[in-house]
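This is what each chain is made of:
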Amino acid sequence: MRTYLRLFVAGFRRQSTYRLAALGGLVANTTFGLLKVALLFAAVRTSGGELAGYDVAMMSTYIWISQGMLGSVNLHGRTEIADRIRSGDVAVDFLRPLDVHLASVTTEVGRAVFALIPRGVPSVVIGALLVGMALPDDPWAYPLGAVSLLLGIVVSATTVYLVGVCGFWLLETRGVAILYMVVSGFLAGLFVPIAMFPDWLRVVATVTPFPSMMMYPVDVLSGRVDGAAAVGLVALQVLWLAVTVTAGQLATRAGRRRLEVQGG
């Protein structure tokens, strides 16, 4: 465990070197957050002040928390493990006394957690000051929301790892990553809340791990879902974490057997 803790810290420190990129990300988060405010607030107001259970204040909370999570939840599909498989460097990783899967995920989570500091928290604060937000009535929403947020980040890392290990069977994984980016952003609730989906599409979303990455943490942190229902969402996140970790372990073992390093 000490080794993986050091990998987490290494990922955290590595991401902290890109300070200007973090500032650029914060500017982008705020800009697109304001655009979403204009569009989604108009949708709520034209629906009589409430849309799919969202009023203006709750919609603002959804917008700014989801924008704040953008730097920490990997919805773009790019991973370091995919590059290492393509170059053949993963062969060296398999020689180390580490679990390649867990080491990759731990480092990714470290980078993601750091992004909450320069991008996540400031985005929410800016949104609260500029637009205003609804706050949860239940004080338990904050600690439970923090757990849900961390689970969302880890589920994101374990799921996107599966995209990267496709490289054991595909020479190039950029097409898979682009498809992942399109599907994950939509089904995770990045553009509109999942509650606004048609019934059939909402069912499709809930049988994937994507809502566990963003929508469920937003619902718990905002207080839109509380009590036993909030605990149920966290339990679903734990379930998807178990599923994606198991799939990652199996894919890594199968990929190792298939590994072929190009060029010797």
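Everything here concerns the structure above.
Residues numbered from 1 in each chain as written. Predicted model: local features only at pLDDT ≥ 70, side-chain atom pairs only at ≥ 80, totals over all residues. Heavy atoms only, no water.

Student: What is the right way to read the overall build of the chain from this model?
Tutor: Summing up its helical and strand segments, the chain has 12 helices and zero strands in all. The helix and strand sequence of the chain, counted from the amino end, reads α-α-α-α-α-α-α-α-α-α-α-α. The C-alpha radius of gyration computed for the chain amounts to 19 Å, which stays within 12% of the reference 18 Å derived for 264 residues, consistent with globular compactness. Principal axes of the C-alpha set define a box for the chain whose edges measure 65 × 40 × 30 Å. Of all 264 residues assigned to the chain, the portion counted as buried reaches 47%. Long-range pairs, those at least 24 residues apart, make up 78% of the contacts in the chain between residues at least 6 apart in sequence. (Helix = DSSP H or I, 4+ residues; strand = E, 2+ residues; numbered from the N terminus. Rg over C-alpha atoms; globule rule 2.2 N^0.38 Å. Buried < 20%, exposed > 50% of the residue type's maximum accessible area, 1.4 Å probe, protein only. Contact = heavy atoms within 4.5 Å.)

Student: I keep staring at the nonpolar core and nothing clicks. Help me out?
Tutor: Most often, soluble globular proteins keep nonpolar side chains buried together rather than apart. By size, the foremost hydrophobic cluster in this structure holds 53 residues, and its most contacted members are Met59, Tyr62 and Ile63. Looking at this core, the element that brings in the most residues is helix H7 (residues 141-164), giving nine residues. In contact with tyrosine 62, not counting residues within four places along its chain, are Lys36, Leu40, Tyr54, Gly189, Leu190, Phe191, Val192, Pro193, Met215 and Val218. Counting five residues, the second-largest nonpolar core is a separate cluster that includes Tyr216, Val220, Val225 and Leu233. (Core = buried A, V, L, I, M, F, W, Y, C linked by side-chain atoms within 4.5 Å.)

Student: So what exactly am I meant to see when it comes to a nonpolar patch on the surface here?
Tutor: A grouping of Ile178, Leu179, Met181, Val182 and Val183 is seen on the molecular surface, where their side chains present a nonpolar patch of about 440 Å² in accessible area. Residue position: leucine 179 is located in helix H8 (residues 174-187). For leucine 179, a relative accessible area of 55% translates into the label exposed. (Patch = residues over 30% accessible without salt bridge, like charges linked within 9 Å, V, L, I, M, F, W, Y side chains within 5 Å. Areas by Shrake-Rupley, 256 points an atom, 1.4 Å probe, with all protein chains shown as cover. Salt bridge = Lys/Arg side-chain N within 4 Å of Asp/Glu carboxyl O.)

Student: Just to check I follow, could you spell out the side chain of threonine 79 for this structure?
Tutor: Along the polypeptide, threonine 79 turns up in the loop between helix H3 (56-69) and helix H4 (80-87). Dropping the residues within four chain positions of it, threonine 79 is found in contact with Asn74, Val160 and Gly164.

Student: I'm lost on H3 in this one. Help?
Tutor: Residues that lie three or four places apart on an α-helix share one face, since the helix turns once every 3.6 residues. Here H3 spans 20 Å end to end across 14 residues, near enough to the 20 Å set by a 1.5 Å rise per residue. Most of H3 is tucked away, with 12 of its 14 residues classed as buried. Among the residues making up H3, those that are buried are Met58, Met59, Ser60, Thr61, Tyr62, Ile63, Trp64, Ile65, Ser66, Gln67, Gly68 and Met69. Check the buried side of H3 and you find it contacts helix H2 (19-46), helix H6 (100-130), H7, helix H10 (210-213) and helix H11 (215-222). The backbone nitrogen of alanine 57 lies 3.4 Å from a side-chain oxygen of the residue at the head of H3, namely aspartate 55. (Expected span 1.5 Å × (residues − 1). Polar contact = N/O pair within 3.5 Å; in protein donor to acceptor, adjacent residues only side chain to side chain.)

Student: When you look at H2 in this model, what are you seeing that I'm missing?
Tutor: End to end, H2 covers 40 Å across 28 residues, agreeing with the expected 40 Å (1.5 Å per residue, within 8%). Buried within H2 are the following residues: Ala22, Gly25, Leu26, Asn29, Thr30, Gly33, Lys36, Val37, Leu40, Phe41 and Val44. Where H2 is buried, its residues meet H3 and H6. The positive-phi residue at the C-terminal boundary of H2 is glycine 48, with phi of around 90 degrees.

Student: I'm lost on the environment of glutamine 67 in this one. Help?
Tutor: Within the secondary structure layout, glutamine 67 lies in helix H3. Along the primary structure glutamine 67 and histidine 101 are separated by 34 residues, whereas in three dimensions their C-alpha atoms are 28 Å apart. Residues in contact with glutamine 67, not counting those within four places in the same chain, are Asn29, Phe32, Gly33, Lys36 and Leu190.

Student: Would you take a moment to explain unusual backbone geometry for this structure?
Tutor: Comment: phi is negative for the bulk of residues other than glycine, and the bulk of peptide bonds are trans. One non-glycine residue, alanine 52, lies in positive phi territory at about 55 degrees. Its location among the elements puts alanine 52 in the loop between H2 and H3.

Student: Help me understand the pattern of salt bridges in this model?
Tutor: Oppositely charged side chains may form a pair once their charged atoms are brought near each other. One pass over the full model with this rule turns up 10 salt bridges. Arginine 96 serves as the salt-bridge partner of aspartate 93, at 2.6 Å between the closest nitrogen and oxygen. A salt bridge links glutamate 172 to arginine 174; its shortest N-O distance comes to 3.2 Å. In this structure glutamate 172 comes out as partly exposed when scored by relative accessible area, which is 32%. When its relative accessible area of 58% is taken as the criterion, arginine 174 is described as exposed. Overlapping salt bridges bring together Arg14, Glu80, Glu108 and Arg111 as one network.

Student: What exactly am I supposed to notice about the layout of surface pockets here?
Tutor: Where empty space is left in the structure can be found by rolling a water-sized probe over the atoms. Considered as a void within the structure, the largest pocket measures approximately 740 Å³ in volume. In terms of lining residues, the largest pocket is bounded by 26 residues, among which Gln15, Gly71, His76, Arg78 and Arg119 are the most central. Residue assignment for the lining of the largest pocket shows that the elements contributing at least two residues are helix H1 (2-16), H2, H6 and H8. Tallied by class, residues from the lining of the largest pocket come to 13 nonpolar, seven polar and six charged. (1 Å grid on protein atoms, 1.4 Å probe; cavity = no way out; pocket = protein on both sides within 12 Å on 5 of 7 lines; lining within 4 Å. Points joined across faces, edges and corners; volume = space filled by probe spheres on them. Nonpolar A, V, L, I, M, F, W, Y, C, P; charged D, E, K, R; others polar.)

Take it as geometry only, folks, not as evidence of what the structure does.
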